Amino acid sequence: MTITLLVVVTALALLSFVTLQKVVAPAFDKLELDHARTDLVRAQRAIQNDLDNLSAITGDWGLWDDAYDYVTGEYPYFEESNLVRPTLSNLDLNLLAVYDADASIVWGRVEHADAILGIESLQVLDPGTETAEYLITHTELDAHTDGLIGTALGPMLISSWPVTRSDGTGPIAGTMIMGQLLDQDRRDSLRQRTEVQLSWQTIDTDTIVEPYFAVSLNMPGSSSIRHETTTNTINSTGLLVDLFNEPLVILQVASARNISALGKSTVNGALLFLAVAGVIVAVVAGFLLRRLIVLPLEGLANHITGIRKSGDLSQRLNESRNDEIGSLARQFDKLTMEVHDARMQLLDQSFKAGKADAAAEVMHNIRNAMTPLVNGLDRLAKNFTATTTLRVVQATDELGDPDCAEDRREKLVTYVQSAFAHVQATNEDAVENLAIATKQAHQVEAILADQAKHARVKPILEDFDLGKLIEEAALVIPKSDDTNIDLLMEPELNNFRVRGHRVGVLQVLGNVMLNAFESIERTDETCGNIAVSATNETIEDKQLIRLTIKDNGCGFDDAVRKEIFRRGFSSKDGHMSGLGLHWCANALATMDGGIQAESSGPGLGAEIHVLLPAA
Amino acid sequence: MDTQCGDASIRVLIADDDEHILECYREAFGESEATDYLQTLNALDEELFDTVSDSESAPAFEVVACSQGNDAIDLAEKATNDGNPFDVVILDVRMPPGIDGVEAGSQIRKMDPDVEIVFVTGFSDVPRDELERRVPPPMKLHYFNKPISFMQLAEDVAGMVRAG
């Protein structure tokens, strides 16, 4: 049972561990990756927002009558009023350039690291270059170009709008270009706004860009994001492309692995909780199993072992529980009770059957042996009776008479001779019949000698409860309309166990009970009582049980007491019934027991003491 | 088995496994050989002293004896088939090693419903009511416990035949 419990608890612990490690912990990892991707997207969107703002400012300046007039030369004071140094810093610009309709520079300035630089410092707006052509030339009133370009000062967000009237009408007078460098200040600004640890790396000719990395700035996709996991961070990288869709910047975001750390601590906490809970459950379950199942089953097993060793089927569990084990115990008690009763009946029947067989055999053999004896004696009696009818005396008297006729005399002589021959033959027959009688008597003696061998066989002894046997023996007391008998049994009788031949003791006690009943009946009283008690007694170092059966019947005197155990004795007006106290005394002697009879005198009741070895 | 014939005699079949008892039956049912001197004595007794012998009033028996139940069945069957059935069948109950007397009596009863059947035994396992059920009818069934005076039995058998 304990091993099974350990196996179950271990299996549950392993299942919980695997579930936490293979299901819960990876869920935290996935959540962390999603969070890292979100950080990268937020960084991309922040840059995109900056570009959108830059485009809005550029478009605002491009669609402005003052700027229009300035480009066309009709408002030269525009430069004094607007194109002053604080303008770039106020607008957070690094580049502001104004071109006329011929793509010639009207006004341009680059400010970077507190220095004022020329347009050429960027090396992307030089006349005749592809980039300059793409940014400066606009053919449509509402056309504008926004994006990222690589400059000599670093990657730059740039926006180019045509210069038109404030109401959007043309013709296009020129181009308004504004730019913001993605420098360290802007990175810090983005970090502050997004709360994401972002950085970037400009792609140069030495940078290896994997093909799947190339997506536009405003089209971030999960497939374009790459994650590298370290112990403490997840480094997510995405690619920013320039106006011409060429890779320009690798955007990097470092996300702290807080979620996986939280997940790990959660899993560890859960594992610790499960371990503690598992131990508590195992201990409690083990305790309950032991108390509710194992111990009762051990009790049942010990009970069965006890019955097997002692052979005493009268033992009972007497379980009062109402659960399955209690039901099992009660069923087992019922089974042992039935087996016990069947065994007792079988013993009783086999004892009686054995006695019946022996009695039948003895009767058959003795009666057969006695038949020739009886008939031999019968024949003897008949023959000797026949000799008494002979008239030998009369014949001899006539022979002595001288007047007897000669022929009669001859017949008388023949008669006397025949009579003597008959007497001689009768004597010979008598000898033969007596020989047969002697032989048959010897045969009877041989049959009895054979029985004597069986009489010396000791009965099988067993341990049994005295109380139950007395209840069984008391069943022999007849239900009489004339005499009402109270059987008073001490409750302590059930505590005594004796060793003996159960059926033999049962017959002894039944005989004693019946004698007590008949003794009460002979008093002509309508009611009486038979009291049964028992005590422990030691006689010559032997532990005995003294069973006392006391009645208030007619009792007996000293003369009867001396004769009461003699074979054939009866105090019942010469009427003999049952086995008799002589048989009882002999039966108990074969079990190392004994019997005593006491009475204070006629009319004063009697006590029969049955002594049996204690079990 | 042996037989003894006589005129108008009572035919008796006896089965018992004890040879001493069979001998007792033979003597009781008058099979002892009467000696010459006894015949002479009886004749002279009548002639010289005017006495009347009771031998003439005594019934005569024709006895057939065997020691096993199966032999008794065979003898009864043969006698019935020959048209000379037995008047009385006397059976011991216990006759090892063959069938017991009750079974033999039951089969003989099926062959001959009129025969008087007598059980003589030292002990029978079979109660009286079962005997009557297996060997009916009760008025033609008789039961004696050994030891028994076979001379008395002979008189009882003669009485059964006269009454039947």
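Residues numbered from 1 in each chain as written. Chains lettered and ligands numbered in written order. Predicted model: local features only at pLDDT ≥ 70, side-chain atom pairs only at ≥ 80, totals over all residues.

1. A few points about the overall build of chain A
The number of helices and strands found in chain A is 14 helices and 17 strands. Split into buried and exposed, the 615 residues of chain A put 27% on the buried side. Taking the intrachain contacts of chain A between residues at least 6 apart in sequence as the baseline, contacts between residues at least 24 apart amount to 69%. (Helix = DSSP H or I, 4+ residues; strand = E, 2+ residues; numbered from the N terminus. Buried ≥ 20, exposed ≤ 12 C-beta atoms within 10 Å, placed from the backbone. Contact = placed C-beta atoms within 7 Å.)

2. With respect to the overall build of chain B
Each helix and strand counted, chain B has 6 helices and 5 strands in total. Listing each helix as α and each strand as β along chain B from the N terminus yields β-α-α-β-α-β-α-β-α-β-α. Relative to its full complement of 164 residues, chain B shows a buried share of 38%. Taking contacts inside chain B between residues at least 6 apart in sequence as the whole, the part at least 24 apart equals 77%.

3. Let's talk about the environment of A:Arg257
Residues and elements named next belong to chain A. For Arg 257, the location among the structural elements is in the loop between strand S10 (247-256) and helix H7 (258-310). You can call Arg 257 buried: it has 20 C-beta atoms within 10 Å. Separated by 24 residues in the primary sequence, Arg 257 and Thr 233 place their C-alpha atoms 5.0 Å from one another. Setting aside chain neighbours within four positions, we find Arg 257 in contact with Glu 32, Asn 232, Thr 233 and Ile 234.

4. Examining helix H3 (residues 69-81) of chain B
Residues and elements named next belong to chain B. Taking 1.5 Å of rise per residue, 13 residues should cover 18 Å, and H3 covers 18 Å from first to last C-alpha, within 8% of that figure. Listing the buried residues of H3 in full gives Gly 69, Ala 72, Ile 73, Leu 75 and Ala 76. Seen end-on, H3 carries its buried residues on one side only, within an arc spanning 165°. The outward face of H3, more than 90 degrees from its buried face, is lined by the exposed residues Lys 78 and Asn 81. Those residues of H3 that are buried lie in contact with strand S1 (10-15), strand S2 (61-66), strand S3 (88-91) and helix H4 (101-111). One or two steps after H3, the chain reaches Gly 83, where phi turns positive at roughly 75°. (Expected span 1.5 Å × (residues − 1). Arc of directions from axis to C-beta.)

5. Some remarks on the sheet that holds strand S15 (residues 542-551) of chain A
All names here are of chain A. Read across the open sheet, the 5 strands follow the order S12-S14-S15-S17-S16; overall the sheet is mixed. Either end of the sheet is taken by a strand with one partner, and the two such strands are strand S12 (484-489) and strand S16 (594-598). Across the sheet, the axes of successive neighbouring strands diverge by a mean angle of 20°, strand direction being ignored. With 5 bridges connecting them, S16 and strand S17 (residues 606-613) associate as antiparallel partners. If you follow Ala 597 over to S17, its bridge partner there is Ile 608. (Pairing = 2+ DSSP bridges. Axes fitted to C-alpha atoms, helices over the stretch in contact; angles between N-to-C directions.)

6. What to know about the pairing of strand S8 (residues 226-229) of chain A
Residue and element names in this part refer to chain A. Where S8 lies against strand S9 (residues 233-241), 4 bridges are found, and the strand directions are antiparallel. Considered in S9, the bridge of Thr 229 is made with Ile 234. Joining the antiparallel neighbours S8 and S9 is a turn of 3 residues.

7. Quick notes on the sheet that holds S8(A)
Residue and element names in this part refer to chain A. Strand order in this open sheet of 4 strands is S7-S10-S9-S8, and the pairing throughout is antiparallel. In this open sheet, the two edge strands, each paired with only one partner strand, are strand S7 (197-202) and S8. Neighbour-to-neighbour, the strand axes of this sheet turn through a mean angle of 25°, independent of strand direction.

8. A look at the environment of A:Arg379
With respect to the helices and strands, A:Arg379 occurs in helix H8 (residues 324-387). Between the alpha carbons of A:Arg379 and A:Asn433 there is a distance of 8.1 Å; along the sequence they are 54 residues apart. Excluding residues within four positions of it along the chain, A:Arg379 makes contact with A:Asn433 and B:Glu27.

9. So, the interface of chain B and chain A
In this assembly, 26 residues from chain B lie in contact with 25 residues from chain A. Of all the elements in the fold, those that place two or more residues in the side of chain B that touches chain A are helix H1 (19-28), helix H2 (36-49) and helix H6 (150-163) of chain B. Looking at which element gives the most residues to the side of chain B that touches chain A, the answer is H2(B), with 8 residues. Of the residues that constitute the side of chain B that touches chain A, the class distribution is 14 nonpolar, 6 polar and 6 charged. (Nonpolar A, V, L, I, M, F, W, Y, C, P; charged D, E, K, R; others polar.)

10. Describing the nonpolar core
As a rule of thumb, nonpolar side chains are buried together in soluble globular proteins. A:Ala43, A:Ala67, A:Val71, A:Leu95, A:Ala97, A:Met176 and A:Val249 are the most contacted members of the largest nonpolar core, which has 55 residues in total. Looking at which element gives the most residues to this core, the answer is helix H1 (residues 2-62) of chain A, with 6 residues. (Core = buried A, V, L, I, M, F, W, Y, C linked by C-beta atoms within 7 Å.)

11. What about H7(A)?
Residues that lie three or four places apart on an α-helix share one face, since the helix turns once every 3.6 residues. Residues and elements named next belong to chain A. With 53 residues, H7 should reach 78 Å at 1.5 Å per residue; the first-to-last C-alpha distance of 73 Å fits that figure. Along its length, H7 shows its largest kink, about 45°, at Arg 290. Among the residues of H7, those classed as buried are Ile 259, Ser 260, Gly 263 and Pro 296. The first or second residue beyond H7 is Gly 311, which carries a positive phi of 70°. (Bend = angle between axes of the 7 residues up to and from the residue.)

12. Some details on the confidence of the model for chain B
Residues and elements named next belong to chain B. Looking at chain B as a whole, its pLDDT mean stands at 84, while 86% of the residues score no less than 70. Looking at the elements of chain B, mean pLDDT is at its lowest for H2, recorded as 79, and at its highest for S3, recorded as 96. For residues 1-7, every residue scores under 50 in pLDDT, and the model assigns this stretch 13 contacts once sequence neighbours within four places are set aside. (pLDDT = per-residue confidence, 0-100.)

13. Side note on the packing of H3(B) against H4(B)
All names here are of chain B. Running from N to C, H3 and H4 point in directions that differ by 10°, and their axes come no closer than 9 Å. Taken together, the axes of H3 and H4 are roughly parallel relative to one another. Considering how the two elements wind past one another, H3 and H4 form a crossing that is right-handed. Judged by residue contacts, Gly 69, Ala 72, Ile 73, Ala 76, Glu 77 and Thr 80 of H3 engage Gly 101, Glu 103, Ala 104, Gln 107, Ile 108 and Met 111 from H4. By residue class, the composition of the contact of H3 with H4 is 6 nonpolar, 4 polar and 2 charged. (Parallel < 35°, antiparallel > 145°, perpendicular 65-115°, else oblique. Left-handed = near helix turned anticlockwise from the far one by under 90°.)

14. Regarding unusual backbone geometry
A cis amide bond, omega 0°, links B:Pro136 with the succeeding residue B:Pro137. Structurally, the position occupied by B:Pro137 is in the loop between helix H5 (128-134) and strand S5 (141-145). Here B:Lys146 and B:Pro147 are connected by a cis peptide whose omega angle stands at -5°. Among the structural elements, B:Pro147 can be located in the loop between S5 and H6. One non-glycine residue with positive phi stands out, namely A:Asn318, at about 50°. Examined against the element boundaries, A:Asn318 turns out to sit in the loop between H7 and H8.

15. Notes on the packing of H1(B) against H6(B)
Residue and element names in this part refer to chain B. The N-to-C vectors of H1 and H6 enclose an angle of 55°; their axes lie 9 Å apart at closest approach. As the angle between them shows, H1 and H6 are arranged oblique. Relative to H6, the crossing made by H1 is right-handed. Facing H1, whose interface residues are Cys 24, Tyr 25 and Ala 28, H6 presents Phe 150, Met 151, Leu 153 and Ala 154. Residue composition of the contact of H1 with H6, grouped by class: 7 nonpolar, no polar and no charged.

16. Quick notes on the confidence of the model for chain A
Confidence along chain A averages 84 in pLDDT terms, with 94% of residues attaining 70 or more. Across residues 574-578 of chain A, where pLDDT falls below 50, the model places 4 contacts with residues more than four positions away in sequence or in other chains.

17. Quick notes on the environment of A:Asp482
One can find A:Asp482 in the loop between helix H11 (466-473) and S12. Remark: the alpha-carbon pair of A:Asp482 and A:Thr526, spanning 44 residues in sequence, is separated by 5.9 Å.

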